[in-house]
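# Architecture at a glance
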Amino acid sequence: MIPRNIEDELKETAKEFPVITITGPRQSGKTTLAKKIFGHYSYANFENLETRKLAKEDPNAFFKLYPTPLIIDEVQRLPSILSEIQVLSDELGKNGQFILTGSHQSHLEESVTQSLAGRTALLKLLPLSISELNKSGIQLDRDEYILNGFMPKIHSEKVLPTRLYRNYFETYVERDVRQIANLKNLDLFTKFMTLLAGRIGQVINYNSLANDTGIGANTIKEWLSILEASFVIYRLQPFYENIGRRIVKTPKLYFTEVGLAAHLLGIENSQMVARDPLMGNLFENMVVMEAVKARLNKGKRPNLYFYRDDKKNEMDLISWNNRKITPIEIKAAMTFTPSLTNGLIKFRKICPDAKQGYLVYAGEKEFESDNYNITNFKSIDAIFQ
């Protein structure tokens, strides 16, 4: 197993709460992580119909068969068990007794906050990060990262990305949406997903998506909410605090897994990445999600945004922590030129209180000037230390 950066946070959190809830995309490594850190725990998987049925119909028998400390996978499949866990955790009076995992964040988090308020810590595990791959001796170039993406099986089991993402989409993405939205027309949904992949890094235009797919804007919004709740897409919210300008208030769209976006765009090798007209968008998608992972792996909220105003001034990424603004410009270029920092310089004029910003790009040259820092995308974790 490739070691995960969230491991220390998970261990420390288990010392402080009786229940730990780990959410994240399917196949992102939640079960592998839980079993590695808590290998001596009992284990139950609610994807198994018989296990789920036993827990539903006879919870006492279930907990006798699976005694604490216990790992329960895909716990969102049976939210009613959370009330039983609440009672048991109070009776035991010990921390780290239950490790719950789930792949649908809104359903699970709503149930958890109702039943386990004050008793559980919430952690999110996304696919592998560049930092984690680097520590394991896996070094790829810009285009290879985009093509392969970051699903653990691709890097630990050498599964071909084209095969993995095809099966991932058909097995998990379509199934999750079908279960929740009563999806009937899979061809239309596939078209919708392909259109989304072509819009990564863009402000979401619901009417445009509705016109291009021939379905209503309300259905578009429903599907996007389901995809976000299932960790398939990520909506980056606009930043507008303390900046006295008219700004865009609609989120930008990214895929949690850039490899899935590349697959939906029909990219099959790294040479196609370099030639694709959306390569810059794919690179931006990758960097944004690396920033999100860096924060989540420390058990923190992302607190990441973008900026765009009515004068077409924009900043790809803004880190808002301790009431400090750190602007981050993202460029796929492999060669540094001063023009790449124009956006940073302009943003500092709009927001003089902003901290020294970063240009994250694909070149190897890294340095610091009076106005900005130049950083290779593989070093992005350092921005969030």
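Anyway, here's the lowdown on the structure attached to this text. Everything numeric in this text was worked out from a predicted model, so none of it was measured. (Residues numbered from 1 in each chain as written. Predicted model: local features only at pLDDT ≥ 70, side-chain atom pairs only at ≥ 80, totals over all residues. Heavy atoms only, no water.)

Summarising the element assignment, Leu224 is placed in helix 13 (residues 217-229). Leu224 sits in the buried class, given a relative accessible area of 1%. For the pair Leu224 and Leu196, spaced 28 residues apart in sequence, the C-alpha to C-alpha distance is 9.5 Å. In contact with Leu224, not counting residues within four places along its chain, are Phe192, Leu196, Ile204, Tyr206, Ile233 and Arg235. (Helix = DSSP H or I, 4+ residues; strand = E, 2+ residues; numbered from the N terminus. Buried < 20%, exposed > 50% of the residue type's maximum accessible area, 1.4 Å probe, protein only. Contact = heavy atoms within 4.5 Å.)

Here we take up the pattern of salt bridges. The tally for this structure, following the rule as stated, stands at 14 salt bridges. A salt bridge links Arg235 to Glu228; the nearest nitrogen and oxygen atoms lie 2.9 Å apart. For Arg235, a relative accessible area of 13% gives the class buried. Put simply, Lys331 and Glu329 hold a salt bridge, and the shortest N to O gap is 3.9 Å. Residue class for Glu329 comes out buried when judged on its relative accessible area of 6%. Residues joined in a network through salt bridges with shared partners are Arg26, Glu47, Glu74 and Arg77. (Salt bridge = Lys/Arg side-chain N within 4 Å of Asp/Glu carboxyl O.)

Considering soluble globular proteins, one finds that nonpolar side chains tend to be buried as a cluster. Counting 77 residues, the largest nonpolar core has Phe189, Met193, Leu196, Leu227 and Phe255 as the members making the most contacts within it. When residues in this core are grouped by element, the largest group, 11 residues, is from helix 16 (residues 279-296). Once you skip the residues sitting within four places of it in the chain, Phe189 turns out to touch Phe169, Val173, Glu174, Val177, Leu183, Trp223 and Leu227. Counting residues in hydrophobic clusters, the runner-up holds 19 residues, among them Phe63, Leu82, Ile85 and Phe98. (Core = buried A, V, L, I, M, F, W, Y, C linked by side-chain atoms within 4.5 Å.)

Of all five residues making up strand 13 (residues 372-376), five are buried, and the element is well covered by its neighbours. Residues Tyr372, Ile374 and Asn376 line one face of strand 13 and the alternating positions Asn373 and Thr375 line the opposite face, and both faces are buried. Relative to strand 13, strand 11 (residues 357-361) is paired through five bridges, and the arrangement is parallel. Note that in strand 13 the partner of Tyr361 across the bridge is Asn376. Taking the residues between adjacent antiparallel strands as the criterion, strand 12 (residues 367-368) and strand 13 are bridged by three residues. (Pairing = 2+ DSSP bridges.)

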